[in-house]
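Read off the chains here:
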Amino acid sequence: MSSNNGRPILEDVNVIVAGQGGDGSLTVITMLAELLRTNGLNVYTERDVLSRIRGGHAAATMRAFAGDRYCIGSSINLLVALDEEAVEKNARQLDSRSVVVYDDSGGPVPSVLPQGAIVYSAPFNRIAMRTMRRELYKNSIAFGVVGRLLGLEDETLRETFIKHFQRMGQVILEYNLEALGLGFHLADEKGIHEGEGLYRIKKTAPEKRMLITGNESVAFGFMVAGGRFFCGYPITPSSEILETLQKWLPRCGGVARQTEDELAGINMAIGAALTGTRAMVATSGPGFSLMQEGVGHCGSGEIPLVIVDCQRSGPSTGMPTKPEQSDLNLMVFGGHGDFPRIVLAPGHPDDCFYLTVDATNLADKYQCPVFLAMDQALSQNIATVEPFNLDGVSAVPGKRVEAEDIEKAGVYKRYEFTEDNISAFAAPGTPGGMSLVTGNEHNEWGLVSTDPVNRVKMMNKRMDKIKAAKSELPTARHFGDKDAKIGFIGIGSLFGVILEAMEDLEREGVKTRYLQPRTVWPVLEDVLAFIDKCSRVYVVELNAQAQLAHILVHQGADPGKIINILKYDGIPFRPAELAKRVLGEEGRMIKKGKKEAKLQ
Amino acid sequence: MTMQTHIKTFTPARPIWCAGCGDFAVQGVLEKSLHKMGIPPHKLMLLAGIGCSGTIQNNLPCYGYHALHGRVLPAAIGAKLANPDLTVIAAGGDGDGYAIGAGHLVHTFKSNPSIMYVVMNNCNYGLTKGQASPTSPIGYHDNPESGMDSILLGLSFPSATFIARGFSGNPEQLERLMEAALDHTESRKGFAFLEVLSPCVTYYDTHREWRARVYNVDEEEGYDPADRSMAFQRCLKLRDEGRIPIGRIFKGVHPSLESLTLNKAELPPAQQKVGHEGHREQYDKFINSYMG
């Protein structure tokens, strides 16, 4: 392959396939990701869709890279535009070195591209209609051209098709293979011959990696933690948790059920939790609002429950397919009255797995609601991760009593006052353990009580449980230069963006460090200590009110040290964009510093 | 059972109901039926909603749960699916079950879990001082809407398997119905729906009126509870005549929710031990399915 000499080795490439919803952009990206993964590269994919079944602009983005990246890169190397709108919507992500493959069936490429961008025009739609009689096949034709451009071999592309389409039946596979052949033919016409693409593929023995979304990782974490009851009502972007568990949980003797609404969802899970079964629900903002009454009930009745909130843009029904982190207030302060809760925030699919195991154990141990703060990007984007280490996690049973213990003690009180404020649980069916569980204020027996002395004692028992928990809640992860005076704090899908923006900043001479809090509530000492050690901390959030920053200040962080970087337009941050925002702030700081110096 | 006699657990509370309330009869009959059927207290999970009737779980020695308003059915279904070896009884009133909880009632008829649901219907909101409920007749407290009929609602579901209505003023029949309902759920045949006409003596005393209006289908010769269309026609006709049908109105056959949902090769959810040894093979399969 001497013709490949001089072409860059594929080490970090960002590809967007865009068109109308239903055009098959996601299919192309999914197959590309699968394929490049088998070549030993890591991949990360993102989807940008409208909340509708077909039509409307839809884009899928993939990044293939040789190292560790947890987000889409700052500029797009290759745009596959299946229509004019796809070019217009995505041009801002391109630069002078970008390549555009454009379906010109509907007209010439719009003049919005940056100078220098190379365009390959080809009428995929027209060819599909003319030869295959179905528009449906245009993405398979495009796949042939894209594969060639990425320097992939025809045979490898064919194998990927066979793997992907076989499960849909032989006829579908054959039609798509035919379309792929049309794509190769078209590439030849454009002078993009096999092995002569833009890149050389780095041949490495592929490491064994998983390709998985945050939602699927949460589902699996729950299962491994001994979770055996899940229910939910379909809502974007949480539905894959339900779908994954419906497939896998019954195989382990568990139940995953789709309920008639979110109210039934949380209450059915509560019913299961009452029997001692580890239970979880998953939802998104609007559904989470509906569940609030149940959340408070878990707090008052000391019922263990894991609640996953895959946050999307709000308020109200907002933008269902867009990422946001604007339900933090509802997780931390939601529900009426005072009750303890724990909020965990994973930053990557592997984190989703391990923190869901923790969440499930913690709910059982502290008999309270435990939330997992996800966001749409974390929930639905696909990433390569190390295979989950099952030996590294364990399901730790909560404080239980069996019939023998009760018989020995001669007494059983569901809400007994204890040293650690946790009352042992007797599962229904245990002789002697009969008890009452209620959201009403109750005495140790579970009987309704409004006695003021009991009230205060019972209230303190519940609230103090969490004080003790602080020492064993998941701690933050630290990255970057540990002597840097400028810090970052951010959760969820911002994890990967911040890590990469830090590299950009370092190139600009700005040294930074990053703390990824994995427990958002209660706020742990390590987070406050981090803020203390920095001169200023950029708290990056996908919301308009700086909810995380407010929570930190509420818990003792110095507000004078915090600079909010907020984004709520529904579009995920790109690293360069974040770095630019920080540089802007830093510039202002320098100016302000000079001004202050003058004033003195 | 002897073991429990010397263990001190909570002492059942005394009912908070007004003297003469129909709910006393429901509780009395329930206790008697449970005893007669030999259901031990530790196997019983009694869940109740909000309202006067929603305090019944405080009065029985059992695993009791005071559910959120209208949410007793989903909670009961969750408990049953998690541990089908428990006897799960949901209880509540007409406001709890037919107003705020109506959606769940519909879906419980649809899914047919083996739980018993006792609705103490007094046609008003007793605990909040007598406002109109979904079953209040036109004219009660200026109520302009006609009341709903839960029996006819239940009959419209092909998956409904046990529908009965009792009257607290007829405890002998109520006892028979309650036992039949319990037998239905204990033999895992599905959802046993039992509405009990349970007059509220304080805000809407219907004792005499209902005694005059009830019509017992159990005593009607030729009434076949397995015949859905006959049940429907009979109930409609009786309603038009101003009568209230009581008795075992319908008994059908349909697979129960837990028989469709639970993996019979595994222990039920609540009986599994946590720790991944038992299912390691499935977990490895999961991981492998994402390895490509």
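Structure's up top.
### A closer look at the side chain of R574 of chain A
All names here are of chain A.
Working step 1: Within the secondary structure layout, R574 lies in the loop between β24 (562-566) and α20 (575-599).
Working step 2: The class of R574 is buried, set by a relative accessible area of 9%.
Working step 3: Separated by 3.0 Å, the side chains of R574 and E46 make a polar contact.
Working step 4: The residues touching R574, leaving out its near neighbours within four places in the chain, are E46, I72, G73, S74, Q93 and V497.

### Description of the packing of helix α5 (residues 154-165) of chain A against helix α6 (residues 170-189) of chain A
Residues and elements named next belong to chain A.
Working step 1: Running from amino to carboxyl end, α5 crosses α6 at an angle of 155°, the nearest separation of the two axes being 10 Å. The orientation of α5 with respect to α6, classified from their angle, is roughly antiparallel. Helix-helix and strand crossings are classified by hand; for α5 and α6 the assignment is right-handed. In this structure, α5 uses D154, L157, R158, F161, I162 and F165 to contact α6, whose residues at the interface are I172, L173, N176, L177, L180 and F184.
Working step 2: Split by residue class, the contact of α5 with α6 holds nine nonpolar, one polar and two charged.

### Description of the side chain of H279 of chain B
Working step 1: Its place among the elements puts H279 of chain B in the loop between α9 (257-261) and α10 (280-289).
Working step 2: Of note is the side chain of H279 of chain B, whose polar atom sits 3.3 Å from the backbone oxygen of C252 of chain A.
Working step 3: In contact with H279 of chain B, other than residues within four places in its own chain, are R228, R251 and C252 of chain A together with E266 and Q272 of chain B.

### Brief notes about the pattern of salt bridges
Working step 1: Summed over all chains, the structure comprises 44 salt bridges over all chains.
Working step 2: D48 of chain A is paired through a salt bridge with K322 of chain A; the nearest N and O atoms lie 2.4 Å apart. Placement of D48 of chain A in strand β3 (residues 42-48) and of K322 of chain A in strand β14 (residues 319-323) is noted, with a sequence separation of 274 residues between them.
Working step 3: On the basis of relative accessibility, which here comes to 15%, the residue K322 of chain A falls in the buried class.
Working step 4: In this structure, the salt-bridge partner of R234 of chain B is E220 of chain B, at a minimum N-O distance of 2.9 Å. Here the residue R234 of chain B occupies a position in helix α8 (residues 228-240), and E220 of chain B occupies one in the loop between β9 (214-216) and α8, the gap between them amounting to 14 residues.
Working step 5: Among the charged side chains, a salt-bridge network with shared partners connects D12, R63, R69, E500 and E503 of chain A.

### Quick look at the interface of chain B and chain A
Working step 1: Tallying the contact residues gives 62 residues for chain B and 75 residues for chain A.
Working step 2: Carbon and sulfur atoms supply 66% of the area buried between chain B and chain A, which totals about 5600 Å² over both sides.
Working step 3: Contact with chain A buries area across many residues of chain B, yet Y63, F286 and Y290 of chain B alone supply 14% of it, more than any other trio.
Working step 4: For R280 of chain B, the salt bridge identified is with D391 of chain A, shortest N-O distance 2.9 Å.
Working step 5: Viewed at the interface, chain A and chain B are joined by 28 residue pairs in polar contact (both at pLDDT 80 or more).
Working step 6: Listed by contribution, the elements that provide at least two residues to the side of chain B that touches chain A are β1 (44-48), β2 (63-66), α2 (72-82), α4 (102-111), α9 and α10 of chain B.
Working step 7: A total of eight residues in the side of chain B that touches chain A trace back to one element, the largest contributor, which is α10 of chain B.
Working step 8: Partitioning the side of chain B that touches chain A into residue classes produces 32 nonpolar, 24 polar and six charged.
Working step 9: For strand β18 (residues 436-438) of chain A and β2 of chain B, the ladder comprises three bridges, and the chain directions are parallel. Directly across from T438 of chain A, in β2 of chain B, lies its bridge partner H66 of chain B.

About the criteria used
Residues numbered from 1 in each chain as written. Chains lettered and ligands numbered in written order. Predicted model: local features only at pLDDT ≥ 70, side-chain atom pairs only at ≥ 80, totals over all residues. Heavy atoms only, no water. Helix = DSSP H or I, 4+ residues; strand = E, 2+ residues; numbered from the N terminus. Buried < 20%, exposed > 50% of the residue type's maximum accessible area, 1.4 Å probe, protein only. Polar contact = N/O pair within 3.5 Å; in protein donor to acceptor, adjacent residues only side chain to side chain. Contact = heavy atoms within 4.5 Å. Axes fitted to C-alpha atoms, helices over the stretch in contact; angles between N-to-C directions. Parallel < 35°, antiparallel > 145°, perpendicular 65-115°, else oblique. Left-handed = near helix turned anticlockwise from the far one by under 90°. Nonpolar A, V, L, I, M, F, W, Y, C, P; charged D, E, K, R; others polar. Salt bridge = Lys/Arg side-chain N within 4 Å of Asp/Glu carboxyl O. Buried area = accessible area lost by both parts, 1.4 Å probe. Pairing = 2+ DSSP bridges.

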